[in-house]
Amino acid sequence: MTRLSERREPTRWVAEDAPTFAVVGKVNMGKSAVLATLLEEDDDAVIRISAEPGETTRCQRLSLVLDGRERLRFIDTPGFQQPIEALRTIRAMGADDARGPGPDTLARFVARYGDSDEFVDECRLLAPIVEGAGVVYVVDPGVRLHDAFLAEIEILRLSAGPRLAILNPHAESDDASRSTQTNEALWRDELGKAFNLVRTFNAFEARFAARRDLLAALNQIDERDRNHLDATLALLDTEWEERRDEAAERILRFLGTVLRLREHTNYVDDGAPEAARKKALTEANRRYFERIAELERETTNDLLALYRHRHTRAEAAELMTDELDLSHDETWRRFGLNRRQLTFAGAATGAAGGTWLDVATAGHTLGLATLIGGGVGGALAWFKGDALPTLNLSVGRPGAFGGRQLSLGPPKNPNFAWILFDVMLVRYRAIMARTHAARGDGRLAHQRSADEAESIVRQLESSRQKLLARWFREAQRNTEQGERDVQARKAIEATLAEIEQAMQS
Ligand SMILES: Nc1nc2c(ncn2[C@@H]2O[C@H](COP(=O)(O)OP(=O)(O)O)[C@@H](O)[C@H]2O)c(=O)[nH]1
Ligand SMILES: [Mg+2]
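Enquirer: Even after reading the chapter, I still don't get the overall build of the protein, so can you show me in this structure?
Expert: Counting its regular elements, the protein contains 16 helices and 11 strands. Taking all 505 residues of the protein together, the buried fraction comes to 49%. With an accessible surface of roughly 24,400 Å², the protein has 47% of that area assigned to carbon and sulfur atoms.

Below, the structure is given as structure tokens:
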């Protein structure tokens with residue numbers, strides 16, 4: 001019987017039928033962060049990302065699984081601890097070899113020190129490489145290239161397999177200073193000599209296209225598995241399109257549900273009919289908007305789950321319960337509007353009294369969506385208050401107990417649907433922008449920032465606007481749309497693809 005303490009690490013790191021790469025580098029270079037983003041793993045219990053050095057003390061297998069099969073295997077490793085000493089030892093061991101130190105020397109190094117107290121981390125990280133795993137070496141190009149790094153690079157150069165170097169800049173890309181750039185040039189020079197390929201991959205910013213590029217780079221360095229990797233990329237693409245399709249479907253369902261939503265309430269009007277009616281109306285209004293905010297949150301959480309953000313939740317929309325004074329700049333700033341947009345707002349306030357253009361006829365009306373920079377909570381506040389378009393309201397006949405029923409439906413204003421759609425698109429963009437390595441506080445912020453206040457729906461091409469406007473109108477009338485549902489979903493899908501595209505540039 002094997003006692004627990006005697007259990008050894010698995011002897012085979014390299015998969016039989018999946019190309020395997022060991023992800024190596026000094027501690028805190030972002031090895032785990034790169035893997036978390038690449039494999040969309042946001043669970044700290046699975047991939048620990050930490051500023052504490054030495055959190056990863058053993059190798060760990062992490063797989064890219066597509067269609068239920070392991071397509072690629074990565075080994076997350078502890079960082080190099082004593083690369084200079086290790087290199088000196090390896091060189092000494094290889095001095096007797098006719099061809100100098102090489103892959104065999106690394107194997108003998110691991111065999112000799114693997115069970116000792118020396119070079120513990122080096123042996124662990126070299127074990128998969130000795131076994132045949134390719135190398136993915138991660139560095140932060142903002143860090144000065146010093147001797148210990150040169151030793152790491154030299155050790156890795158001795159391995160026989162394919163080698164890719166990844167520059168994972170920790171500094172935000174737009175504030176990369178001049179010295180960082182010089183540093184990066186030095187890194188590139190040095191890495192170019194020992195690796196098949198050098199790529200930049202920012203673990204905190206990489207989106208789908210960057211993840212795909214990185215996987216394609218593995219294809220380039222590992223010729224043996226070219227067909228396998230090509231097939232993996234094709235699966236990855238298919239899966240991504242399926243997700244986008246599903247996201248469009250979910251957004252369409254949200255829009256349909258909200259546009260058909262009715263809120264009913266009963267009240268008794270025996271004493272003071274006006275007061276009772278007003279109270280009931282206020283109450284129904286609140287519930288109506290709360291229900292919409294809830295649906296928005298549910299949808300956003302579904303989208304987060306679809307994109308494998310299992311530990312992020314949509315922040316609850318802050319419903320503005322107080323009356324809005326649209327003549328105040330402050331009101332518009334709460335929606336995240338800038339000065340130019342504030343000027344627009346002044347003009348639109350006049351229009352709020354009742355002149356609404358048909359949505360299909362003018363971008364003018366769509367412009368309102370631009371004005372509403374906040375999420376649904378802020379946006380819907382526009383539709384509240386006395387000066388604003390009222391909801392459909394039907395007051396039933398007195399019932400058996402002298403009660404009446406009052407129903408609220410969607411605002412007649414065509415902007416309503418566009419604002420709902422815009423809010424959802426902004427949410428989608430925020431989800432796309434989020435990487436699985438940036439763990440944060442687990443909340444998807446609700447407010448869009450001032451420079452993102454520009455509406456997305458306003459930029460849609462007019463044929464798509466018209467198609468969607470018609471779908472919104474019919475949904476609001478609660479008619480069955482059949483084939484038009486399919487067209488609307490495709491239009492949304494194309495919009496989502498464009499949002500992703502715009503984020504690449
Ligand atoms: N800003 C930024 N920080 C990063 C990036 N990658 C890693 N980090 C941070 O660097 C620290 C170490 O990252 P980790 O992935 O655990 O490094 P490892 O020791 O190489 O596995 C953590 O605090 C990360 O949040 C990055 O691309 N940008
Ligand atoms: Mg780590």
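Enquirer: Where do I start with the packing of aromatic side chains in this structure?
Expert: We describe a pair of aromatic rings using the distance from one ring centre to the other and the angle between the two ring planes. Applying the stated criterion across every chain yields a total of 11 aromatic pairs. On the basis of an interplanar angle of 80° and a centroid distance of 5.7 Å, the ring pair of Tyr 307 and Tyr 428 is categorised as edge-to-face. Here Tyr 428 lies in helix H14 (residues 415-433) and Tyr 307 lies in the loop between helix H9 (273-306) and strand S8 (313-314), a separation of 121 residues in the sequence. Comparing Tyr 307 with Tyr 428 shows no difference in burial state: the two are buried. The interplanar angle of 75° and the centroid separation of 6.1 Å between the aromatic rings of Trp 471 and Phe 472 together place this pair among those described as edge-to-face. Here Trp 471 and Phe 472 have matching classes, each one buried. Put simply, the rings of Phe 208, Trp 240, Tyr 307 and Tyr 428 pair up and form one aromatic cluster.

Enquirer: Please explain the nonpolar core as it appears in this structure.
Expert: What tends to happen in soluble globular proteins is that the nonpolar side chains get buried as a cluster. Phe 74, Phe 109, Tyr 137, Leu 191 and Phe 421 are the most contacted members of the largest nonpolar core, which totals 117 residues. Considering every element that reaches this core, the biggest residue donor is helix H8 (residues 226-260), with 12 residues. When residues of this core are assigned to domains, at least three map to each of domain 1 (5-221) and domain 2 (238-504).

Enquirer: Can you walk me through the packing of helix H7 (residues 208-221) against H8 in this structure?
Expert: Packed helices, taken two at a time, are described by their axes: the angle between them and the distance between them. The geometry of H7 relative to H8 is characterised by a closest axis approach of 9 Å and an angle of 170° between their N-to-C directions. By the criterion of interaxial angle, the relationship of H7 to H8 is roughly antiparallel. Across the interface between the two elements, Phe 208, Arg 211, Arg 212, Leu 215, Ala 216, Leu 218, Asn 219 and Gln 220 of H7 pack against Arg 226, Leu 229, Asp 230, Leu 233, Leu 236, Asp 237 and Trp 240 of H8. Partitioned by chemical class, the residues of the contact of H7 with H8 number eight nonpolar, two polar and five charged.

Enquirer: Can you walk me through the site of ligand 1 in this structure?
Expert: In the vicinity of ligand 1, 17 residues are found, and the nearest of them are Asn 28, Lys 31, Ala 33, Asn 168 and His 170. Within the backbone of Lys 31, a nitrogen or oxygen atom sits 2.8 Å from an oxygen atom of ligand 1. Taken together, the residues of the shell around ligand 1 break down into eight nonpolar, seven polar and two charged.

Enquirer: I keep staring at the pattern of salt bridges and nothing clicks. Help me out?
Expert: Following the criterion strictly, the structure yields 23 salt bridges and no others. Glu 500 serves as the salt-bridge partner of Arg 244, at 3.0 Å between the closest nitrogen and oxygen. Here Arg 244 is found in helix H8, whereas its partner Glu 500 is found in helix H16 (residues 483-504), with 256 residues between them in sequence. Assigned by exposure class, Arg 244 and Glu 500 land together as buried. Put simply, Arg 250 and Asp 302 hold a salt bridge, and the shortest N to O gap is 2.5 Å. Taken together, the residues span a long stretch of sequence, with Arg 250 in helix H8 and Asp 302 in helix H9 at a distance of 52 residues. Judged by relative accessible area, Arg 250 falls into the buried class, the value being 12%. In this structure, a network of salt bridges that share partners links the residues Glu 40, Arg 211, Glu 239, Arg 243 and Arg 308.

Enquirer: Sorry if this is basic, but what is going on with the sheet that holds strand S1 (residues 20-24) here?
Expert: Through backbone hydrogen bonds, the strands of a sheet pair up, either in parallel or in antiparallel fashion. Reading across the sheet, the six strands line up as S2-S3-S1-S4-S5-S6 and stay open at both edges, with mixed pairing between neighbours. The outermost strands of the open sheet, each flanked by one partner alone, are strand S2 (60-66) and strand S6 (197-200). Across this sheet, the average inter-strand angle for adjacent strands is 25°, counted without regard to direction. Sheet analysis places strand S5 (residues 163-167) next to S6, joined by four bridges and oriented parallel. Looking at S6, one finds that Leu 164 is bridged to Leu 197. Seen against the sheet, H7 touches S1, S2, strand S3 (69-76), strand S4 (134-139), S5 and S6 and runs at an angle of roughly 180° to S6.

Enquirer: Just checking my understanding: could you explain the environment of Leu 66 for this structure?
Expert: Turning to its location among the elements, Leu 66 is positioned in strand S2. As for Leu 66 and Leu 235, which are separated by 169 residues in sequence, their C-alpha atoms are 6.8 Å apart. Setting aside residues up to four positions removed in sequence, Leu 66 forms contacts with Arg 71, Thr 232, Leu 235, Leu 236 and Glu 239.

Enquirer: Honestly, the side chain of Asn 183 in this entry has me stumped. Any pointers?
Expert: Within the element layout of this structure, Asn 183 appears in helix H6 (residues 178-194). Leaving out residues up to four positions away in the same chain, Asn 183 has contacts with Pro 141, Gly 142, Val 143, Arg 144 and Leu 145.

What counts and how
Residues numbered from 1 in each chain as written. Chains lettered and ligands numbered in written order. Predicted model: local features only at pLDDT ≥ 70, side-chain atom pairs only at ≥ 80, totals over all residues. Heavy atoms only, no water. Helix = DSSP H or I, 4+ residues; strand = E, 2+ residues; numbered from the N terminus. Buried < 20%, exposed > 50% of the residue type's maximum accessible area, 1.4 Å probe, protein only. Areas by Shrake-Rupley, 256 points an atom, 1.4 Å probe, with all protein chains shown as cover. Phe/Tyr/Trp six-rings, centres within 6.5 Å; stacked < 30°, edge-to-face > 60°. Core = buried A, V, L, I, M, F, W, Y, C linked by side-chain atoms within 4.5 Å. Domains from an automatic or database assignment. Axes fitted to C-alpha atoms, helices over the stretch in contact; angles between N-to-C directions. Parallel < 35°, antiparallel > 145°, perpendicular 65-115°, else oblique. Contact = heavy atoms within 4.5 Å. Nonpolar A, V, L, I, M, F, W, Y, C, P; charged D, E, K, R; others polar. Near = heavy atom within 4 Å. Polar contact = N/O pair within 3.5 Å; in protein donor to acceptor, adjacent residues only side chain to side chain. Salt bridge = Lys/Arg side-chain N within 4 Å of Asp/Glu carboxyl O. Pairing = 2+ DSSP bridges.

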